[in-house]
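# Examining the three-dimensional arrangement
Spelled out from the first residue to the last, the chains are:
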Amino acid sequence: MIEIDGERLNARLDAFAAIGATASGGVNRQALTEGDRQARRLLADLAWKRGFSVFQDPIANLFIHRAGRDDSLPPVMIGSHLDSQPAGGRFDGALGTLSAFEVLESLDDAGIETERPIVVVAWTNEEGCRFAPGCMGSTAFSAGEIPVGWQEKMTTDGVSFADELKVTIKSLQTAQMLPLGFSVHAYFEVHIEQGPSLEASDIPIGVVVGIQGTRWLEVIVKGQTAHAGTTGLSFRRDPLRALAGSLSSLYETIMPADPDARFTVGRISVDPGSVNAIPDEVYCTIDMRHPNPARLDEIEQLARSSIAGEAARQGCVVAISRSFDMAPCTFAADLQQAIERAAAARGFKSTRMMSGAFHDALFVNRIAPAAMVFVPCRDGLSHNEAEHVKPEHAVAGCQVLAHATLLIATGPGRAGS
Ligand SMILES: [Zn+2]
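Residues numbered from 1 in each chain as written. Predicted model: local features only at pLDDT ≥ 70, side-chain atom pairs only at ≥ 80, totals over all residues. Heavy atoms only, no water.

### Some remarks on the packing of helix H9 (residues 333-345) against helix H11 (residues 391-410)
- Where H9 contacts H11, the two axes come as close as 8 Å, and the packing angle between them is 125°. It follows that H9 is oblique to H11 by the angle criterion. Along this stretch, H9 crosses H11, giving a crossing that reads as right-handed. Taken together, the residues of H11 that come into contact with H9 (itself represented by Leu335, Ala338, Ile339, Arg341, Ala342, Ala343 and Ala345) are Val400, His403, Ala404, Leu407 and Ile408.
- Here the contact of H9 with H11 is built from residues that sort into ten nonpolar, one polar and one charged. (Axes fitted to C-alpha atoms, helices over the stretch in contact; angles between N-to-C directions. Helix = DSSP H or I, 4+ residues; strand = E, 2+ residues; numbered from the N terminus. Parallel < 35°, antiparallel > 145°, perpendicular 65-115°, else oblique. Left-handed = near helix turned anticlockwise from the far one by under 90°. Contact = heavy atoms within 4.5 Å. Nonpolar A, V, L, I, M, F, W, Y, C, P; charged D, E, K, R; others polar.)

Here's what the structure looks like:
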């Protein structure tokens, strides 16, 4: 049995929340900013103080290594991210990263040796709000290379990704550089749920079975702009009317019929955007999510045919393209079981659940067995300065992480592998 130090964990969460703290109690510690660098330095300093080795790779993923009895074995990796949204919360990312570090410290405090090394990771740029896409660190790590085009990325105010990356790596000069990607035995990530279901069912531990698939569409409906007052009904080719009619029926069918489906239009623009002219063209995005790839196909087909049908009825033409496609992921069954066993051993109720959002674990899962532990957050809120996790839930998540990590790191092989 391993006991984590809950007070130390919660004090650490406070200390990191002070870096990039906002007036309303949240954090603004966007990826590769000075705040992000400060948080990385603090974590590295804490690690050095304990005698752990600190490494980074060419995309500034930060690794803290605690040796195993057989240090040549691939490590059990645990962690999350330290970057935040511009008006982000204190727990999204930080909870998983600091819980992982707490596991290393408690193992050390208790003098527990593990067969395998354990590596804590803080992935670079999970949020993707300053430089898109998100999960850059874990994506590059699992691909073994930095994808083409990333180095040329700029923020909207002209700051270059390549420059910020260089400065960030330099700010931890004493951390040894590793090449991108290495062999990982298993990966665990603790994260806030970012949804309301654990809190609503009063269950402290979510065993995440996978991450639902996401697909984005870009829709353009083209009609003909004309005078709003003089153009009679039979002469109108109104693309907004076509889109609105179709969206209304899609809203009324997709989600009510299928509780696992998500259908969101988050961006819409109308051209020329004049108060007294029928629009010439409308544009919108569609975000569709589902755990089942076949259902995702069906939802896409439904959206395409509905929009095309309405457009034809209004004398408009439509162009729809996919701008993003992320297949659903299923986490390793034996790691899910390890989390369940850990929760039961520590007396915490747990439930299996799907993740609605992406996480670094999705990308790690491409190269190593991965799984996640969710803890409840107040009102399901995240990406919000009011994001809140009860101290006892932070402790529960960390305790389960510690127990599950030990289950996997002490034996030479994974159960069932
Ligand atoms: Zn996160």
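### What about the coordination of the zinc ion?
- Protein-derived coordination of the zinc ion comes from His81 (NE2), Asp92 (OD) and His191 (NE2), at a distance range of 2.0 to 2.2 Å.
- Mapping the donors of the zinc ion onto the primary sequence yields the spacing H-x10-D-x98-H. With His81 in strand E3 (residues 76-81) and Asp92 in the loop between E3 and helix H3 (94-109), this residue pair connects regions lying eleven residues apart in the sequence.
- Overall, Asp92 belongs to the buried group, its relative accessible area being 5%. (Donors = N, O, S within 2.8 Å, 3.2 Å for Na, K, Ca; no water. Buried < 20%, exposed > 50% of the residue type's maximum accessible area, 1.4 Å probe, protein only.)

### Comments concerning the layout of surface pockets
- Reported here for the largest pocket is a volume of approximately 1,400 Å³.
- The wall of the largest pocket is formed by 49 residues, among which Trp216, Asp287, Arg289, Ala357 and Phe358 lie closest to the centre.
- Within the residue set of the lining of the largest pocket, elements represented by two or more residues are strand E8 (213-222), strand E10 (262-264), strand E13 (281-290), strand E14 (317-326) and strand E16 (350-355).
- Broken down by element, the residue count for the lining of the largest pocket peaks at five residues, all from E13.
- For the lining of the largest pocket, the domains that each give at least three residues are domain 1 (6-211 + 328-410) and domain 2 (213-326).
- Considered as a void within the structure, the second largest pocket measures approximately 180 Å³ in volume. (1 Å grid on protein atoms, 1.4 Å probe; cavity = no way out; pocket = protein on both sides within 12 Å on 5 of 7 lines; lining within 4 Å. Points joined across faces, edges and corners; volume = space filled by probe spheres on them. Domains from an automatic or database assignment.)

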